[in-house]
Amino acid sequence: MALSHGAGHIPALGFGTLIPDAAATISATRDALEAGFRHFDCAERYRNELEVGEALQAGLAAGGIARKDIFVTTKLWNTNHRPERVKPAFEASLRRLGLNDLDLYLIHTPFAFQPGDDQDPRDPNGNILYDRGVTLLETWGAMESLVDSGRCRAIGLSDISLHELSPIYEAARIKPAVVQVEAHPYLPETELLEFCKAKDVVFLAFAPLGHGMRPGPLEDPVISAIAARVGKTAAQVLLAWAVQRGTALLTTPRTAARARENFNISALPQDALDEINRIQTRQRLNEVVKTGSPGFIPQGR
Ligand SMILES: NC(=O)c1ccc[n+]([C@@H]2O[C@H](COP(=O)([O-])OP(=O)(O)OC[C@H]3O[C@@H](n4cnc5c(N)ncnc54)[C@H](OP(=O)(O)O)[C@@H]3O)[C@@H](O)[C@H]2O)c1
């Protein structure tokens with residue numbers, strides 16, 4: 001998919017690196033690269049940029065793949081929203097990833113937390129300590145400077161509502177190229193998607209499999225019936241729907257077999273897309289948009 005302002009292309013199928021275990025991060029990243037994924041989504045907050053970087057360097061060398069053939073994103077955490085903290089945070093991420101430049105840098109959430117080394121600053125009662133001394137537009141200005149410096153091809157936002165995005169979009173000198181939010185048939189975010197299409201912003205869906213939660217989209221009867229009909233798995237049906245409605249996506253297969261499964265998708269017939277679009281269940285699985293504090297809502301698995 002093309003990025004705005006001639007910033008190149010973003011592969012629609014992305015591999016997400018939100019994997020708590022370091023060894024699993026390395027093996028899953030290598031497996032994803034081998035399966036064909038060329039788009040890797042990272043974050044300072046995931047605390048594993050070092051492992052992702054190591055796996056990517058090794059995988060590129062082993063597979064004879066050039067740096068320019070992969071697309072790497074990482075994200076500015078909430079404690080680094082003060083403009084003077086943005087470039088140092090960006091450079092620290094690049095050092096951990098072992099890269100000289102980045103394809104995409106996102107503001108992880110629109111919430112600024114108290115600046116400092118503690119990623120999760122709280123008061124004695126456990127309440128998040130927000131930083132009221134900086135606006136999102138000020139942080140965006142520092143993100144624009146990274147593009148000016150030539151070390152970051154594109155910038156964008158994550159975990160943001162249409163209501164918060166439109167004023168940033170209007171005021172920005174360099175418009176957001178990508179918006180990353182939760183999206184799947186239970187949370188289609190249609191209004192935001194229409195805005196993105198109209199403004200040439202790539203809509204990047206996370207949790208396209210509903211984060212693997214059961215019950216959830218993977219076990220939805222409509223999805224299962226389509227999967228049986230077209231001879232694909234439920235995961236492949238969900239990922240194909242996401243791409244065919246015009247979004248890029250991030251998925252996190254943790255084994256080589258699932259990496260191959262999730263990469264091997266093909267177009268669904270129109271009647272299947274229509275059926276998925278008619279699903280009425282609505283469910284948000286990650287509450288980060290409400291507080292800036294990440295985490296999927298625990299469900300009965
Ligand atoms: N911006 C944000 O705030 C934010 C928030 C969340 C995520 N993200 C990004 O989005 C990425 C993807 O999110 P996600 O992990 O929720 O994606 P997802 O692909 O919807 O869910 C991943 C889960 O689905 C299961 N799974 C994967 N492939 C499967 C298959 N073929 N069949 C059945 N189950 C399968 C895995 O289960 P097993 O564990 O059993 O393998 C895994 O736990 C993250 O890694 C991260 O990069 C961003």
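For the structure itself, consult the block above.
A few points on the structure. (Residues numbered from 1 in each chain as written. Predicted model: local features only at pLDDT ≥ 70, side-chain atom pairs only at ≥ 80, totals over all residues. Heavy atoms only, no water.)

Concerning the site of the ligand
- With respect to spatial proximity, 29 residues lie near the ligand, and among them Asp41, Asp159, His211, Thr251 and Thr252 are the closest.
- Between the ligand and aspartate 159, the relevant distance is 2.5 Å, taken from an oxygen atom to a side-chain nitrogen or oxygen of the residue.
- Between the ligand and glutamine 180 there is a distance of 3.0 Å, counted from a nitrogen atom to a side-chain nitrogen or oxygen.
- The protein chains hide 91% of the 910 Å² of surface that the ligand would expose on its own.
- Of the residues assigned to the shell around the ligand, the class counts are 11 nonpolar, 12 polar and six charged. (Near = heavy atom within 4 Å. Polar contact = N/O pair within 3.5 Å; in protein donor to acceptor, adjacent residues only side chain to side chain. Areas by Shrake-Rupley, 256 points an atom, 1.4 Å probe, with all protein chains shown as cover. Nonpolar A, V, L, I, M, F, W, Y, C, P; charged D, E, K, R; others polar.)

A look at the environment of glutamate 91
- Summarising the element assignment, glutamate 91 is placed in helix α3 (residues 83-97).
- Relative accessible area serves as the criterion here: at 25%, glutamate 91 is assigned to the partly exposed category.
- Once the C-alpha coordinates of glutamate 91 and leucine 102 are considered, the two residues, 11 residues apart in sequence, prove to be 9.9 Å apart. (Helix = DSSP H or I, 4+ residues; strand = E, 2+ residues; numbered from the N terminus. Buried < 20%, exposed > 50% of the residue type's maximum accessible area, 1.4 Å probe, protein only.)

Brief notes about the side chain of histidine 81
- Counting through the fold element by element, histidine 81 comes out in the loop between β3 (71-76) and α3.
- On the accessibility criterion, histidine 81 (2% relative accessible area) is buried.
- In this structure the side chain of histidine 81 is engaged in a polar contact, spanning 3.3 Å, whose partner is the backbone oxygen of threonine 109.
- When near neighbours in sequence (up to four residues on either side) are disregarded, histidine 81 contacts Leu76, Val86, Ile107, Thr109, Pro110, Phe111, Ala112, Val134, Leu136 and Thr139. (Contact = heavy atoms within 4.5 Å.)

Focus on the state of the cysteines
- Scanning the entire structure with this criterion turns up zero disulfides.
- No disulfide involves cysteine 152; its sulfur sits 13 Å from that of cysteine 42, the nearest cysteine.
- The thiol of cysteine 196 is unpaired, and the distance to the nearest cysteine sulfur, on cysteine 152, comes to 18 Å.
- Taking relative accessible area as the criterion, cysteine 196 reaches 1% and is therefore assigned buried. (Disulfide = S-S within 2.5 Å.)

Describing the side chain of serine 158
- The topology assignment puts serine 158 in strand β5 (residues 152-158).
- Looking at serine 158, its side chain comes within polar contact range of the main-chain oxygen of glutamine 180, at 3.0 Å.
- Beyond its immediate chain neighbours, meaning those up to four positions away, serine 158 contacts Leu106, Ile107, His108, Thr109, Pro110 and Gln180.

Considerations on the pattern of salt bridges
- Overall, the coordinates contain 16 salt bridges when judged by the stated rule.
- A salt bridge links arginine 122 to aspartate 120; the nearest nitrogen and oxygen atoms lie 3.2 Å apart.
- For aspartate 120, a relative accessible area of 27% corresponds to the partly exposed category.
- Among the charged side chains, a salt-bridge network with shared partners connects Arg67, Asp101, Asp103 and Arg153. (Salt bridge = Lys/Arg side-chain N within 4 Å of Asp/Glu carboxyl O.)

Here we look at the packing of helix α2 (residues 49-63) against α3
- Closest axis-to-axis distance for the α2/α3 pair is 7 Å, and the angle between their directions is 45°. When the axes of α2 and α3 are compared, the pair comes out oblique. Of the residues in α3, those in contact with Glu49, Leu50, Val52, Gly53 and Gln57 of α2 are Ser93, Arg96 and Leu97.
- Looking at the contact of α2 with α3 residue by residue, the classes come out as three nonpolar, three polar and two charged. (Axes fitted to C-alpha atoms, helices over the stretch in contact; angles between N-to-C directions. Parallel < 35°, antiparallel > 145°, perpendicular 65-115°, else oblique.)

Just geometry here; none of it tells us what the structure is for.
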